[in-house]
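Analysis of the macromolecular model
These are the residues of each chain, in order.
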Amino acid sequence: MKVLFVCAELYPFLKTGGLADVAAGLPPALKALGCDVRLLMPGFPALMKAARSTKPLAALPQKPLPWGPALQLPQASLVQAKLPGGLLTYLVQSSGLYSRPGNPYLGPNGQDWEDNAGRFAALGWAAASLGQGLDPDWVPDLIHVHDWHAGLAPAYVRAFADAGCTVPATVFTIHNLAYQGLFQSDVFPALGLPSSQFDVPGLEFFGQISFMKAALNFADRLTTVSPTYAREILSAPQGCGLDGVLRERSGVLSGILNGVDYQVWSPQADEFLSKTYDLDALQGKAIAKKKLQLDFGLVPLAKAMVVGVVSRLSTQKGLHLLPDVVDGLVQRGGQLALLGQGDAALEQTLVDAAVKYPGQVAVRIGYDEATAHRVMAGADVIAVPSAFEPCGLTQLYGLRYGTLPLVRRVGGLADTVVDCSLENLEEGLATGFVFDALSAADFLAALRRAFALYRRPAQWRQVQRRGMAQRFDWPTAAQHYLAIYQSLRPGV
Ligand code: ADP
Ligand code: GLC
């Protein structure tokens, strides 16, 4: 089966969060199951630069459509490229749309690019056009679309189907319902969609256009990245105003847990560590801890429990609770090593906490892959106290690195971490620390449980080893996606 995988990020070339890791991990696993997978992405500078042996294919069609006028876009064309170590990738090349530095979604002022509707409509349009034979040598049977960025693909595909064309099946995966691709309705005429789609059962959302809603209404199947999040988004507040639409489509919605690329995230093969380690040889972890403490300016005490954080600093991640638990952490002899960037006010609050506790609390503002790996390896605990979390990858990385996850019971965090309650310890199930309310009190209670276990090294090791032995792998997730593909295109 020919599958076109449409997304806006790809590790190691362009990454703002977990989507990039998914785009790097899932397609090869699908390929291993026999799918003929190709990627389609915007031609962002980082990707154009990395691309090898590019081959121009065609201009993106901008001629009148069976249902109305053409899209109005800056000139754009499709090129075929090979990215190092990657699968065959189609890139939408357009200097008018993508030749800008930095973040794929935001300008240097931290605000969305003003022409984001056109920039990402082009991606959806390229997907649908490939479905109509833009590359005559390779026509997808199915288009798998990720997040709002590619959300118009199913809308264009539906428009072609309604016009009597043969079309591929479509699957849409929600990685984060909070980011919806909302635009003023006056951009609608430039998008080249049938006017009938600007409606409640289409992409109209309180007078605006929603790329997310387009995908929710027009894709054949919907998935999200954990079973618990698939349930949570059927009601407020996690439904983010789209829970009604999702309830209507709940019959085609399922939750498939993300996997981990253990070639990238494994302490036994981590290129960013000076000494690798594994379950039966944990000395490397002690070395990583000392190095992390020294690097972050923490007092290099082996017995201090180090809590690590590697995160975007957004309200999603619940890290506004941290300043209120830091006193309790430090009083108990713990340390904090945080790597993150995002919300400026939160960045400042965290930096202030570090100033208050030199040597005990260290905050590094920035985005750095190598440091992320070193925090994951060097910390004793990785904290993910999210307000909501569709899946979450850092807790999964923590498990593999013997860094016990301390998480809120929400979304994919609830599906992947088992609390160190007495009964879970007794029954050999515990893998981390889980708390319920989004409050500093509950967060601190979980931290106190972590301290209590930390003072019992033999039990700590048992929990650590259990987590390290677990696998959340891509082959398993890929099997679930393949079953969905096959249900839509039986026999292909
Ligand atoms: P989200 O996609 O919501 O940000 P995930 O847990 O799914 O959350 O994925 C986050 C990914 O981004 C992980 O690979 C994590 O290591 C990485 N990451 C987050 N913040 C940083 C940072 N400041 N520096 C480097 N990597 C980061
Ligand atoms: C989103 C979510 C995160 C998930 C990631 C990859 O960014 O916030 O929970 O792990 O996508 O699916």
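Notes on the structure follow. (Residues numbered from 1 in each chain as written. Chains lettered and ligands numbered in written order. Predicted model: local features only at pLDDT ≥ 70, side-chain atom pairs only at ≥ 80, totals over all residues. Heavy atoms only, no water.)

**Section: the packing of helix α1 (residues 18-32) against helix α18 (residues 474-488)**
- Here α1 crosses α18 at 70°, and the two axes come no closer than 9 Å. Classed by the angle they form, the pair α1 and α18 counts as roughly perpendicular. Both α1 and α18 take part in a crossing whose hand is right-handed. Packed against α1, whose contacting residues are V22, G25, L26, A29 and L30, the element α18 presents W474, P475, A478, Y481, L482 and Y485 at the interface. (Axes fitted to C-alpha atoms, helices over the stretch in contact; angles between N-to-C directions. Helix = DSSP H or I, 4+ residues; strand = E, 2+ residues; numbered from the N terminus. Parallel < 35°, antiparallel > 145°, perpendicular 65-115°, else oblique. Left-handed = near helix turned anticlockwise from the far one by under 90°. Contact = heavy atoms within 4.5 Å.)

**As for the environment of L329**
- Within the secondary structure, L329 is located in helix α10 (residues 322-331).
- Separated by 24 residues in sequence, L329 and M305 have C-alpha atoms that sit 9.1 Å apart.
- Leave out the neighbours within four places in its chain, and L329 touches V307, G334, Q335, L336, L444, L447 and F451.

**Considerations on the site of ligand 2**
- Taken together, 14 residues are adjacent to ligand 2, and H175, N258, Q316, E389 and G392 come closest.
- Contact between ligand 2 and H175: an oxygen atom at 2.7 Å from a side-chain N or O atom of the residue.
- At 2.8 Å from an oxygen atom of ligand 2 is found a side-chain nitrogen or oxygen belonging to N258.
- Against a free-state accessible area of 310 Å², the protein chains account for coverage of 93% of ligand 2. (Near = heavy atom within 4 Å. Polar contact = N/O pair within 3.5 Å; in protein donor to acceptor, adjacent residues only side chain to side chain. Areas by Shrake-Rupley, 256 points an atom, 1.4 Å probe, with all protein chains shown as cover.)

Read these as geometric descriptors, not functional statements.
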